[in-house]
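Okay, here's what each chain looks like letter by letter:
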Amino acid sequence: MVPIDESSLTPGQKRKLTTVRKTLGNKIGDKAFLEWLDSDRDTNAELIADTLWPLVQSRKLSIARGGYLVKRGRGRLVVERANP
């Protein structure tokens, strides 16, 4: 089993890990936490980031500070600047 790097966890994730360990014990709690952490990923966000990252690296796409909002419209995508 992979050891958990607690320094890279957010405060909420640390609280969750501590609670699960207290409830189930260290060994089972670590396994349950890793499964929960893996299921917490947003695959759509990862796909968007993986698609856009090569364009950012090649300087064909520049994302302004504050970012953009991507919404679905009627048969199209709507991309707007996010309000800072």
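Each value, and the rule that gives it
Residues numbered from 1 in each chain as written. Predicted model: local features only at pLDDT ≥ 70, side-chain atom pairs only at ≥ 80, totals over all residues. Heavy atoms only, no water. Helix = DSSP H or I, 4+ residues; strand = E, 2+ residues; numbered from the N terminus. Rg over C-alpha atoms; globule rule 2.2 N^0.38 Å. Buried < 20%, exposed > 50% of the residue type's maximum accessible area, 1.4 Å probe, protein only. Contact = heavy atoms within 4.5 Å. Areas by Shrake-Rupley, 256 points an atom, 1.4 Å probe, with all protein chains shown as cover. Lys, Arg positive; Asp, Glu negative; His and termini not counted. Charge placed at Lys NZ, Arg CZ, Asp CG, Glu CD. 1 Å grid on protein atoms, 1.4 Å probe; cavity = no way out; pocket = protein on both sides within 12 Å on 5 of 7 lines; lining within 4 Å. Points joined across faces, edges and corners; volume = space filled by probe spheres on them. Phe/Tyr/Trp six-rings, centres within 6.5 Å; stacked < 30°, edge-to-face > 60°. Lys NZ or Arg CZ within 6 Å of the ring centre and 35° of its normal. Salt bridge = Lys/Arg side-chain N within 4 Å of Asp/Glu carboxyl O. Pairing = 2+ DSSP bridges.

> Before we go on, may I ask you to explain the overall build of the chain in this structure?
Of the regular secondary structure elements, the chain holds 3 helices and 2 strands. Against the compact-globule benchmark of 12 Å for 84 residues, the chain has a radius of gyration of 19 Å, which places it well outside the compact range. By its C-alpha atoms, the chain is 50 × 30 × 25 Å across when sized along the principal axes. Per-residue burial for the chain yields a buried fraction of 12% across its 84 residues. In the chain, 22% of the contacts between residues at least 6 apart in sequence involve partners at least 24 apart. For the chain, the exposed area adds up to about 7400 Å²; of that, 54% sits on carbon and sulfur atoms. Charge-centre separation for the chain: the mean point of 16 positive side chains lies 7 Å from the mean point of 10 negative side chains.

> Just to check I follow, could you spell out the layout of surface pockets for this structure?
Over the atoms rolls a probe the size of a water molecule, and in doing so it shows where empty space is left. Its volume calculated, the largest pocket comes out at about 380 Å³. When contributions to the lining of the largest pocket are tallied by element, the ones reaching two or more residues are α3 (43-57), β1 (68-72) and β2 (77-81). Per-element accounting of the lining of the largest pocket gives the leading share, 7 residues, to α3.

> Quick question: what am I supposed to make of the packing of aromatic side chains here?
For any two aromatic rings, the description comes down to two numbers: the centre-to-centre distance and the angle of the planes. Inspection of every chain in the model, using the stated rule, returns 1 aromatic pair. Between Phe-33 and Trp-36, the aromatic rings sit 5.6 Å apart at their centres with planes inclined by 40 degrees, giving tilted as the arrangement. With a gap of 3 residues between them, Phe-33 and Trp-36 both fall in helix α2 (residues 26-39), about one helical turn apart. Residue classification places Trp-36 among the partly exposed residues on the basis of a relative accessible area of 29%. One cation-aromatic arrangement involves Lys-16 over Trp-36; the distance from NZ or CZ to the ring centre is 4.9 Å.

> For this particular structure, what's the right way to read the pattern of salt bridges?
A side chain of one charge can pair with a side chain of the opposite charge when the charged atoms of the two come close. The tally for this structure, following the rule as stated, stands at 3 salt bridges. Ionic pairing is found between Glu-80 and Lys-71, a salt bridge with its closest N-O pair at 3.4 Å. Taking relative accessible area as the criterion, Lys-71 reaches 40% and is therefore assigned partly exposed.

> For this particular structure, what's the right way to read the pairing of β1?
Both faces of the sheet carry side chains from a regular strand, because those side chains alternate between them. For β1 and β2, the ladder comprises 5 bridges, and the chain directions are antiparallel. Each bridged residue has a counterpart across the sheet, and for Tyr-68 the counterpart in β2 is Arg-81. The turn joining β1 and β2, which pair antiparallel and follow one another in sequence, is formed by 4 residues; a positive phi near 75 degrees is taken by Gly-75.

Geometry only, nothing functional implied.
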